[in-house]
Amino acid sequence: MRAVAPLLTAVAGLALLFAGCAAPVTTLRVDSPYRDPGTLEKGQILHAATGRLLTREELGAYLAAFPVVYVGETHDNVESHAVQLAVLQEVAARFPGRIAVGLEMLQRPSQEGVDRWLRGEMDEVSFLKLWQENWGPNTYPYYREILEFARENRIPLLALNAERELRRALARTPPEELEPELRERLPEMDLDDPYYRDFMGGIFGGHDGGTDMQEGFLRAQVLWDETMAETAAAYLLGPGRGNRLVVFAGGNHVRHGFGIPRRLFRRVPLPYVILDTYAVEIPEDKRDRLMQVELPDLPLRTADLYWATGYEDLEGQRVMLGVQIETAEEGGVRVKGVVPGSPAQAAGVLAGDVIVSVDGEPVGEMFDLTYRVGLHKPGDVGPLEVLRGEERLTLEVVYDVLRHGK
């Protein structure tokens, strides 16, 4: 028996091979004989094994019994991240100075930079650039409150994930065929978990691709989960011995327990609990982000706890210039195309222009442009300096969000 479950597509810009953490949002296997998670109302917290609803305070007391707490997220859902912040606050209040947060979003080579930011030795612009290099543009606002809470309360952040180079290599090539230098960087990997394989096969079924691509997709997902488990284990066996660890990752990295949880338990057999954020209210204008996939009916509880949420992203709040860009060899950012109806078009920006400053601040690379534009709110007005051939022009931009139909 297989159940059909719609999934939210992954955060825009993430490649298919690394999109396996996109989150089911409307139909899950019924895990409780007492209450179907699909019947929850927004804000309710369900203990799946008993069907009991918990208050936030009761949830905090319950989570305190577990050394490892997993919270599955939908990456571009503001309400999902609000749940994560609430969980972090509850655990931190009970274990001050004895808690760390593990993040799927950060790759292990970034740990030194993350530590510097936590110590106040890295400015906001540099940290935003580091974050963008790890998790992509326009994602930081979803995590800002969590990260700032961690820094204010001196909570370590663990960069759990594998580096991009290794992930891409393994997606293309089986482990035994990798170059020796890359093969030596692989964690211990279990590629034979039948439940995991069946589940990931169901997710991959929502995409087009052959057997080779499906195997590459599976290897990439296993690498993510094994690396995150290995990194978390090193913390729990080393500097974090006796501490609490809260892990924030895409829902499908923790659901059913066979992603990160099983692989961490193999290394460090500590009690753990899985809380899944579960969207029960999805606006009509967001339903086009769902894709129908056929998921296996596994004999494993999806999660121990469900926190019912709505679904809200930041796309309608983020100002955009409305240009396609590339780094210009001579410095600045070259405009490859201009979106019709965008602030850039209204300001007179043309394809071929090289943007050299925003608000009087120099633009040397694409990050400089996206960062400066991102500081604006709808209705803000500011100068944009461009090179057009031999001519240097200053254009006036009225910033706004990009809306469908423009």
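From a predicted model like this one, the values you see are computed outputs, not experimental measurements.

K.L.:
What's the story with the nonpolar core in this structure? I'm lost.
P.N.:
The tendency in soluble globular proteins is for nonpolar side chains to be buried as a group. Formed by 76 residues in total, the largest nonpolar core has its most connected members in Val87, Trp131, Leu147, Leu157 and Leu264. Apart from the residues within four sequence positions on either side, valine 87 is in contact with Leu63, Val69, Val71, Val246, Leu275 and Trp307. Val323, Val333, Ala344 and Leu384 belong to the second largest nonpolar core, which has 19 residues in total.

K.L.:
What exactly am I supposed to notice about unusual backbone geometry here?
P.N.:
At asparagine 138, a residue that is not glycine, the phi angle is positive and equals roughly 65°. Positive phi, normally seen in glycine, also occurs at aspartate 359, with a value near 55°. In this fold, aspartate 359 is placed in the loop between strand 14 (354-358) and strand 15 (361-362).

K.L.:
Which parts of the structure should I look at to understand the side chain of glutamate 90?
P.N.:
Positionally, glutamate 90 belongs in helix 2 (residues 78-94). There is a polar contact of 2.7 Å between the side chain of glutamate 90 and the side chain of arginine 94. Sequence-distant contacts of glutamate 90, that is, excluding residues within four places in its chain, are made with Arg56 and Gly60.

K.L.:
Even after reading the chapter, I still don't get a negative patch on the surface, so can you show me in this structure?
P.N.:
Residues Asp123, Glu124, Glu145, Glu148 and Glu152 make up a contiguous surface patch of negative charge. Ranked by residues supplied to the negative patch, first place goes to helix 5 (residues 140-152) with three residues. Tracing the backbone through its elements, the reader meets glutamate 124 in helix 4 (residues 124-135).

K.L.:
Just to check I follow, could you spell out the packing of helix 8 (residues 194-204) against helix 9 (residues 211-237) for this structure?
P.N.:
Angle between the axes and distance between the axes are the two parameters that describe a pair of packed helices. For the pair helix 8 and helix 9, interaxial distance at closest approach is 10 Å and the crossing angle is 120°. Put simply, helix 8 runs oblique to helix 9. The handedness of the crossing between helix 8 and helix 9 is right-handed. Along the contact surface, helix 8 presents Tyr196, Arg197, Met200, Gly201, Ile203 and Phe204, while helix 9 presents Met213, Gln214, Glu215, Phe217, Leu218, Gln221, Val222 and Asp225. Classifying every residue of the contact of helix 8 with helix 9 gives eight nonpolar, three polar and three charged.

K.L.:
Sorry, what's going on with the side chain of aspartate 225 here?
P.N.:
Along the chain, the position of aspartate 225 falls in helix 9. There is a polar contact of 2.6 Å between the side chain of aspartate 225 and the side chain of histidine 253. When near neighbours in sequence (up to four residues on either side) are disregarded, aspartate 225 contacts Tyr196, His253, Gly259, Ile260 and Arg263.

K.L.:
Please explain the packing of helix 9 against helix 10 (residues 260-267) as it appears in this structure.
P.N.:
At a minimum axis distance of 8 Å, the contact between helix 9 and helix 10 shows a crossing angle of 45°. Taken together, helix 9 and helix 10 sit at an angle that is classed as oblique. Crossing geometry of helix 9 relative to helix 10 is assigned as right-handed. Here Val222, Asp225, Glu226, Met228, Ala229, Glu230, Ala232, Ala233 and Leu236 of helix 9 come into contact with helix 10, specifically with Ile260, Arg263, Leu264, Arg266 and Arg267. Among the residues forming the contact of helix 9 with helix 10, the class breakdown is eight nonpolar, no polar and six charged.

K.L.:
Whenever I open this one, the pattern of salt bridges confuses me. Can you help?
P.N.:
Working definition: two side chains of opposite charge can pair if their charged atoms are close together. Summed over all chains, the structure comprises 22 salt bridges. The salt bridge partner of arginine 56 is glutamate 90, with a shortest N-O separation of 2.7 Å. Of this pair, arginine 56 sits in helix 1 (residues 56-63) while glutamate 90 sits in helix 2, and the two are 34 residues apart along the sequence. Among the residues examined, glutamate 90 registers a relative accessible area of 14% and is labelled buried. For aspartate 190, the salt bridge goes to arginine 262, with nearest N and O atoms at 2.9 Å. In this pair, aspartate 190 sits in the loop between helix 7 (180-183) and helix 8 while arginine 262 sits in helix 10, placing the two residues 72 residues apart along the sequence. The exposure class of aspartate 190 is buried, given its relative accessible area of 18%.

Each value, and the rule that gives it
Residues numbered from 1 in each chain as written. Predicted model: local features only at pLDDT ≥ 70, side-chain atom pairs only at ≥ 80, totals over all residues. Heavy atoms only, no water. Core = buried A, V, L, I, M, F, W, Y, C linked by side-chain atoms within 4.5 Å. Buried < 20%, exposed > 50% of the residue type's maximum accessible area, 1.4 Å probe, protein only. Contact = heavy atoms within 4.5 Å. Helix = DSSP H or I, 4+ residues; strand = E, 2+ residues; numbered from the N terminus. Polar contact = N/O pair within 3.5 Å; in protein donor to acceptor, adjacent residues only side chain to side chain. Patch = residues over 30% accessible without salt bridge, like charges linked within 9 Å, V, L, I, M, F, W, Y side chains within 5 Å. Areas by Shrake-Rupley, 256 points an atom, 1.4 Å probe, with all protein chains shown as cover. Salt bridge = Lys/Arg side-chain N within 4 Å of Asp/Glu carboxyl O. Lys, Arg positive; Asp, Glu negative; His and termini not counted. Charge placed at Lys NZ, Arg CZ, Asp CG, Glu CD. Axes fitted to C-alpha atoms, helices over the stretch in contact; angles between N-to-C directions. Parallel < 35°, antiparallel > 145°, perpendicular 65-115°, else oblique. Left-handed = near helix turned anticlockwise from the far one by under 90°. Nonpolar A, V, L, I, M, F, W, Y, C, P; charged D, E, K, R; others polar.

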